[in-house]
Structures are given as C-alpha cells and as structure tokens.
Amino acid sequence: MRPVTLTDLSAAARGLLALPEGRRAAGMAALIARAEAADRHRQATGRLHPAYGNGTLLAAALAHPAADPARPGAPEYLACLALAAAALVEALVGHPPIS
C-alpha cells in the first residue's frame with residue numbers, strides 16, 4: 001500500500017460509515033487488502049489496478065459506496081476514523097496501537 005494521508009483516512013472512514021457497525025472492522029481489513037493488492041499490481045505492471053486504482057487507500061475506498069457524516073465531528077464518524085487509524089497501525093506496524 002502506498003503511504004497513507006489524512007485524505008486516505010477520511011475516505012476509508014466514510015466508507016466504513018456506510019456499513020453496518022458490525023461489518024466495519026471486516027470492511028477496513030478488506031480496504032487495506034485491496035489497496036495492498038492494487039499497489040502490488042501497479043508495481044508489477046506499471047498500470048493501475050482495474051478495480052482498486054493506484055495502491056492508495058483512497059483509491060480502494062472510492063471504489064465502494066461512502067456516507068457523509070451527519071456533521072463534522074459526529075461521534076459515529078469519529079469512531080470510524082478511530083477504527084480506520086487503529087487498523088492501519090496494526091497493518092503497518094504489526095501490532096495494535098498502545099492504549
């Protein structure tokens with residue numbers, strides 16, 4: 001997966017917000033896997049992945065429905081941001097974030 005930006009994180013959270021709460025953790029794992037697969041495809045072929053783009057989390061997230069938060073700072077959106085950030089830390093560092 002390419003380096004993660006705040007825009008990637010926000011797009012992932014908006015995608016998670018469109019899912020039922022019980023499916024969000026699996027949805028985030030799938031987004032990370034799709035971004036990683038797209039990046040491997042890009043590196044191997046020099047071309048964008050046909051479904052998941054250039055290997056960024058943003059491109060993978062944009063391939064799926066998303067929801068806009070009811071308002072900036074809405075608790076459910078912030079929970080999705082937190083879930084996305086924690087999943088990324090675990091995927092990139094190899095262990096859950098320290099709480």
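Structure: above.
Since this is a predicted model, take the numbers as computed values, not measurements. (Residues numbered from 1 in each chain as written. Predicted model: local features only at pLDDT ≥ 70, side-chain atom pairs only at ≥ 80, totals over all residues. Heavy atoms only, no water.)

1. Points about the side chain of D39
Here D39 lies in helix 2 (residues 24-45). Here M1 takes part through its backbone nitrogen, which lies 3.4 Å from a polar atom of the side chain of D39. In this structure, D39 is in contact with M1, R2, N54 and G55, ignoring residues within four places of it in sequence. (Helix = DSSP H or I, 4+ residues; strand = E, 2+ residues; numbered from the N terminus. Polar contact = N/O pair within 3.5 Å; in protein donor to acceptor, adjacent residues only side chain to side chain. Contact = heavy atoms within 4.5 Å.)

2. Some details on the layout of surface pockets
The gaps of empty space that remain are located by a probe, the size of a water molecule, rolled over the atoms. The volume enclosed by the largest pocket comes to roughly 230 Å³. Contributing to the lining of the largest pocket are 14 residues, with G15, L19, G27, R34 and H64 lying nearest its centre. Per element, the largest residue contribution to the lining of the largest pocket is six residues, and it comes from helix 2. For the lining of the largest pocket, the per-class residue count stands at nine nonpolar, three polar and two charged. (1 Å grid on protein atoms, 1.4 Å probe; cavity = no way out; pocket = protein on both sides within 12 Å on 5 of 7 lines; lining within 4 Å. Points joined across faces, edges and corners; volume = space filled by probe spheres on them. Nonpolar A, V, L, I, M, F, W, Y, C, P; charged D, E, K, R; others polar.)

3. Quick notes on the packing of helix 2 against helix 4 (residues 75-93)
Running from N to C, helix 2 and helix 4 cross one another at 50°; their axes reach a closest spacing of 10 Å. It follows that helix 2 is oblique to helix 4 by the angle criterion. Of the two possible hands of crossing, helix 2 and helix 4 adopt the one that is right-handed. Listed contacts from helix 4 to R24, A25, M28 and I32 of helix 2 are E76, C80, L83, A84, A87, L88 and A91. Split by residue class, the contact of helix 2 with helix 4 holds nine nonpolar, no polar and two charged. (Axes fitted to C-alpha atoms, helices over the stretch in contact; angles between N-to-C directions. Parallel < 35°, antiparallel > 145°, perpendicular 65-115°, else oblique. Left-handed = near helix turned anticlockwise from the far one by under 90°.)

4. Brief notes about the pattern of salt bridges
Taken as a whole and assessed by the stated rule, the structure comprises three salt bridges. For the salt bridge of R14 with D68, the shortest nitrogen-to-oxygen distance reads 2.9 Å. Placement of R14 in helix 1 (residues 6-17) and of D68 in the loop between helix 3 (57-62) and helix 4 is noted, with a sequence separation of 54 residues between them. R14 sits in the partly exposed class, given a relative accessible area of 25%. (Salt bridge = Lys/Arg side-chain N within 4 Å of Asp/Glu carboxyl O. Buried < 20%, exposed > 50% of the residue type's maximum accessible area, 1.4 Å probe, protein only.)

No statement about biological role is implied by the geometric values presented.
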